[in-house]
Amino acid sequence: MLPEIGLNHYLIISAILFSLGLFGVMTRKNAVVVLMGVELILNAANINLLAFGKYNGSMQGIMFSLFVIVLAAAEAAVALAIIINIYNTFKTVDLSEVDTMKE
Amino acid sequence: MLSLIVFLPIIAFFLILFLPGAQKQAIRIISLVAAFAQGVFSLIIWQGYDSTKPGIIAGESGNVHETFQFVERFDWINLEFGRFGTLNIEYFMGVDGLSITMVLLTALISIIGVISSWTIQKQVKGYFLLYNLLSTAMMGCFVALDFFLFYVFWEVMLLPMYFLIGIWGGPNREYAAIKFFLYTLFGSVFMLLVLIGLYFSVIDPATGNHTFNMVAMVDQANYIPGSIFGPENSLWRLVAFVALFVGFAIKVPMFPFHTWLPDAHVEAPTPISVILAGVLLKLGTYGMLRINFPFFPEVFQDLAFVIGVFGAINIIYGALCALAQLDLKKMVAYSSISHMGYVLLGMAAINTEGMTGALYQMFNHGTITAMLFLLVGVIYDRSHSRQIEKFGGLASYMPAYTFVLTLAFFASLGLPGLSGFISEAFVFVGSFSSEVTRPLAIVSVLGIVFGAAYLLWSLQRMFLGKRREDALYEVHEDEHGNAKIHFHDWKGSNDLDLREYLMLAPLAIIVVILGVYPMPILGLMTSSINQLVEVVVSYTSFAMN
Amino acid sequence: MDTLIQFSIIALLLPLVSFVFLIFTNKKLPREGDFIAAGAVGVSLILSLYIFFQVVVGEYNPDYSLTWNFTWIDFGDVPGVGPLQIKMGILIDNLTAIMLVVVNLISFLVHVFSMGYMAGDKYYGRFFAYLGIFTFSMLGIVLADNLLAIYIFWELVGLSSYLLIGFFFEKDSAANAQKKAFMTNRIGDIGMWLGILILYSQFHTFGYEEIFQGIQDGRFTMSEGWLTAAGILLFCGCIGKSAQFPLHVWLPDAMEGPTPVSALIHAATMVAAGVYFVARIFVLLTVDALHVIAIIGAFTAFMAATIAITQHDIKRVLAYSTVSQLGYMVMGLGVGAFAPAFFHLVTHAFFKACLFLGSGAVIHAAHHEQDMRWMGGLRTKMPWTFATFTIAMLALAGLPLTSGFMSKDAILAGALGFAAVEGGLYYLIPALGFTAALMTAFYMGRQMWLVFFGENRAHLKPEDPHDDHHHAHDDHHGHEVHEVSWEMRLPLVILAALSIFFVYSINPLDGAKGWFLHVIKTPNTVVQSTGDYHNHTEDHAKASGLFIKEAYAESKSDTHTESHDAEHASVFSDPRQAAIDHATHDAHYMAIAFSSIMLLFGFGLAYVVYFKGIIDPDKTAEKIKPLYLYSFNKWYWDEIYDATIIRGSFMLSNMMAWFDKNIVDGMVNFVGSSSKWFAFKNGRFDQLVVDGAVNFTAFIIQFFGLVFRKIQTGHVQTYVALALVAIIGYFVYFFIG
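## A look at the packing of aromatic side chains
Residue and element names in this part refer to chain C.
Right, on to step 1. Applying the stated criterion to the full structure yields 74 aromatic pairs over all chains.
Right, on to step 2. Taking 5.0 Å as the distance between ring centres and 65° as the angle between the ring planes, the aromatic pair formed by Tyr 124 and Phe 128 counts as edge-to-face. One end of the pair, Tyr 124, and the other, Phe 128, are both in helix 4 (residues 124-143), four residues apart, so they sit about a helical turn from each other.
Right, on to step 3. Exposure remark for Tyr 124: the relative accessible area of 8% places this residue in the buried category.
Right, on to step 4. For Phe 128, a relative accessible area of 0% gives the class buried.
Right, on to step 5. By way of ring pairs, the aromatic residues Tyr 124, Phe 127, Phe 128, Tyr 130, Phe 167 and Phe 168 are connected into one cluster.

## As for the arrangement of the chains
Right, on to step 1. Where two pairs of chains are in contact, the pair with the most contacts is made of chains B and C.
Right, on to step 2. At their nearest point, the C-alpha atoms of chain A and chain B are still 37 Å apart, with no contact between the two.

## Quick word on the nonpolar core
Right, on to step 1. Counting 455 residues, the largest nonpolar core has B:Phe147, B:Phe150, C:Trp193 and C:Leu199 as its most contacted members.
Right, on to step 2. A per-element tally of this core places helix 14 (residues 338-365) of chain C first, with 19 residues.
Right, on to step 3. Not counting chain neighbours up to four residues away, the residues in contact with B:Phe150 comprise B:Cys141, B:Ala144, B:Met191, B:Met214, B:Phe248, B:Tyr286 and B:Ile291.
Right, on to step 4. Formed by seven residues, the second largest nonpolar core is a distinct cluster that contains A:Val34, A:Leu35, A:Ala79 and A:Leu95.

## Structural notes on the packing of helix 8 (residues 234-251) of chain B against helix 10 (residues 270-295) of chain B
Residue and element names in this part refer to chain B.
Right, on to step 1. It is the contact of helix 8 with helix 10, at a shortest axis distance of 7 Å, that shows an interaxial angle of 165°. With respect to each other, helix 8 and helix 10 are oriented roughly antiparallel. Remark: the crossing between helix 8 and helix 10 carries left-handed chirality. Of helix 10, the residues touching helix 8 (which contributes Arg 237, Phe 241, Leu 244, Phe 245, Phe 248, Ala 249 and Lys 251) are Leu 280, Leu 281, Leu 283, Gly 284, Gly 287, Met 288, Ile 291, Asn 292, Phe 293 and Phe 295.

Here is what the cut-offs are and how they apply
Residues numbered from 1 in each chain as written. Chains lettered and ligands numbered in written order. Predicted model: local features only at pLDDT ≥ 70, side-chain atom pairs only at ≥ 80, totals over all residues. Heavy atoms only, no water. Phe/Tyr/Trp six-rings, centres within 6.5 Å; stacked < 30°, edge-to-face > 60°. Helix = DSSP H or I, 4+ residues; strand = E, 2+ residues; numbered from the N terminus. Buried < 20%, exposed > 50% of the residue type's maximum accessible area, 1.4 Å probe, protein only. Contact = heavy atoms within 4.5 Å. Core = buried A, V, L, I, M, F, W, Y, C linked by side-chain atoms within 4.5 Å. Axes fitted to C-alpha atoms, helices over the stretch in contact; angles between N-to-C directions. Parallel < 35°, antiparallel > 145°, perpendicular 65-115°, else oblique. Left-handed = near helix turned anticlockwise from the far one by under 90°.

The values are spatial; any link to function lies outside them.
Okay, structure coming up:
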């Protein structure tokens, strides 16, 4: 029988989600996909917060994750704007082409 | 009040800074207003000046600065240096009989200079910025009573002068500018060293700290025994005196440090020549009177003869060199050297007549030589030449110009009734009365003859007789049969125009008035001079004790 | 303030006001303002006459004097001296009162004369303005009560003379002459100035009275020689202004000025200022100084007379005659004939002004012809001019019944008396004086006959293509010579009248009986040690010392001298002066006799040569050619000065300028370029070692930089990876390490 879902399960899910997100951020060339990776990382963190909140019995985790969601929305909006500008500047969203930071 | 006088041009400086460069007329007017305001405030100071107060007082420390007038005194820089004590630099200004005459002169010459600068067309904004800076620095030098403050003004003066000659000058301007700059910088290095030495040697009796206060430096009791310029350290005191003297002598300029002057004058634009001769040269002799002589009175007594010798050399050598010049402006420059020699000779006499003559000569030389340079500028504007040999017979065609120039020439050669005579006369009276400089006075009277020679000779060559074959002007007759003069590509009035009258007339009037009744200026200085003489002669050196 | 003082100040300032006013407005006024100038001087003359009658006639006292002064410069409490003020003031005594009238009268007459003479000139108004400043300066000299004031006006007179000589400034000769006059005067002036300085350095005052008092009280602390030097140096001023040898060269050249100016300045007043000044300071002159003065005066009188004999220009003859007569006056002062010398100054002023104005009339009438060789026969055409000229000429030559006779004779008598006292070679002084008198008579006779008698020789004149002036007046050549207008005639008549004896004394043979020599008396010397001085020199075995001593002893016993002493009830009795006065009195008739002989001989010679033509002057000149040329070329003084002093000065000046440009400035540039060289060398060292070290450090850093910059790709993902590595590293370190 399946064991009762406990804290560890949440954390494992969260870790997998985080790793996927990080992988996406680090390996994808398309900026939009990188952004999606960032979203995954954020949601991994959300899961962590909610899980700890549930097993700790306090409301702080829920409140915090609500903020993160709002922030994520805002971040997405800003990030998309940046990407659009990157596109406008470099005529591409391929991050390997965008290396002007080295100068 | 003094701060206002000193920093008015700085206000103008900032106003001009924020004006666009194309607003030439506004820039000129702002400068003129600043100079005029400076003049008005100087007159107010002159009115309020109590000529019975002597300034420095012999052998008395403590509240000596109360004998100065219009004193402004604040702590300026106060730095703790731990073991080395505190660095005390004061913002200390005041006037006495020595400086008030120079303040008046500076204000006057500044106004004349602005009027004369009206025709400057090249980079007007930059020109007037520098001009105002220069004006502040000059004025500051004359009223500063803190040696450090004095030094700051002294150095600030250099830079604008360098650029004013180097940018707005004649064909060989860069050479002249750099020569002027290096020479003067060379002098001020010495001054800086002595300045530091003096700081560590002198204690302000009021606070017990080391001080740059020049009034405290006059009282030999404030010198710390055993310090570098302490009373018994006669060798270092001698070195300090000579170093300071050389620094000031370069500015005077004294033979053999004079060669920057003719070059600088010939290359400088007219208003800058006027300032240079009218005010800057006076700073050298003023520095001697204010700093050199009262600080080291016993050295001064010992070296008076040597100083007098240099004065006599200046007088005769300058006059002889002037006689040989073919360039009118160079001749006037050498005449400056000759006339500043009178100042040196008068000071070397160490008596009231001589020193008064010297200080009065500083004032008069300022006005007279300013006139001469302006007049040279007038003919240069018209003919683009200053060669004495290239004219002849101008008196027939430019009567007003000839009249003013003759007046200036005769003032310069010391004709009684014009101010130059009184100062020269008392320089001779003083130097002859002193047994030390008597032989020098006897030799130097030859300067009167040579002075008359070069002035009259150039007057004759340029103005009398008939037009020369190769003259730089044409004469033709108008419909009434009157001879009219014509300068190549000169559109303006042939004789003096209104602007030229405006700058020459005040000077001419002052020269005449002060020649007939000198007391308005001379009366200001006598009590200070008496005190200065007292300071010098009453001090007996440590060795003598 | 006394009325006299007030009047004298007004009289002094009026001409100045006229000058200042006219110099700015002359072109805008009717007649260019000549009436203003003449009016100012006229009022001034009236005031002077008032002062004259108050002082000379009213007081009739040789010792009368009136002073007034004010503080001009206040030096405050001067260390070592005490309160020190420089005062300016006015001194009115008999000398002043007489001089005021002389100056103003001649000035006024010259103004009137000039209205005719200068009419139509381009700068007519300016001329009258200049006359104003001259009159002002001259009155200043006369009225000054101190040495500084007299020096001031002295120089101003120099200025006015400069302006007036160079009035025709478009002529190069005039421009040269004005410069020469000013420069020569300046040389004399520096001597005078040094003399003033000597006196000031002792007494800290310029006032005559204070200085005289100081010397009398023995407060002159320098050695006796300095006092002599002071006297001689002050006399240098007179040498310059009164055109004495060796500074006489400017006066003849000064004839380039308009003729009225020659009359006013270079004959009557300015040149007399020197003599007036020596008279003012007479009391402080030591015996040695007086000897120098006498010798210079006598030599000048002689030398100028020899030159005057051969000159052709009518004005130059008069100019040299002026120099010669001034020599007489100076000699008179030197020999102690104080009053006669001053007397001669006054009489000479009138008759010489008359002669000059007369010559001006001749020149004007002869259409600017100045050469006497081309004149002649003007006697009938210009009777007024002829008559007045003759009277003045006779006065100059010293004919009895004229004023010149009285004054000149008194001077010569004084010279004889002086020689009698001093003895030995000093007899040369009267000898030179009498020789000069002879020559005076000769050259004046020559001028007279050449100009006024015989046939008119104007047509004999060779055409000179270089003479612009001549060409300008070509159209006048056909015109007849005619008498001048009344405004030019009137001054001549007045001046001629003043050249006759009765103005000064009833007795035509002895001026001493007249009012003039009553109010002017030789003042007593203040040089305290005169007596001691001679005792002293006796010790030094001076040849004349013993003789003088005897003369003093002799004079003491003489009744005449005693009465003389009694007349001068003053602190000092000066035995030397008394001896001279006594000897002079004795020599009086001898002098009359001698000078009459000389006069007759001189006139006779001139008559024989130039009127009768018995001796041909040209042939005689040819016979003694060297002498003639020596005289004609004015003893070559101009050439000598030009070759020595003037060329020397210019050479020195060029040398100095060269020295300045090449040596002094060369040194500066050398210092400049050597520092540049040093800086360059220094720069190499800097580059290799100092800069090398810096560059090496930079190189190392650059190397590492090159390595590390590889990491910096600019890709966001690289950075994220690096951050991840860092975090992992941190965790590893934290949990394991």
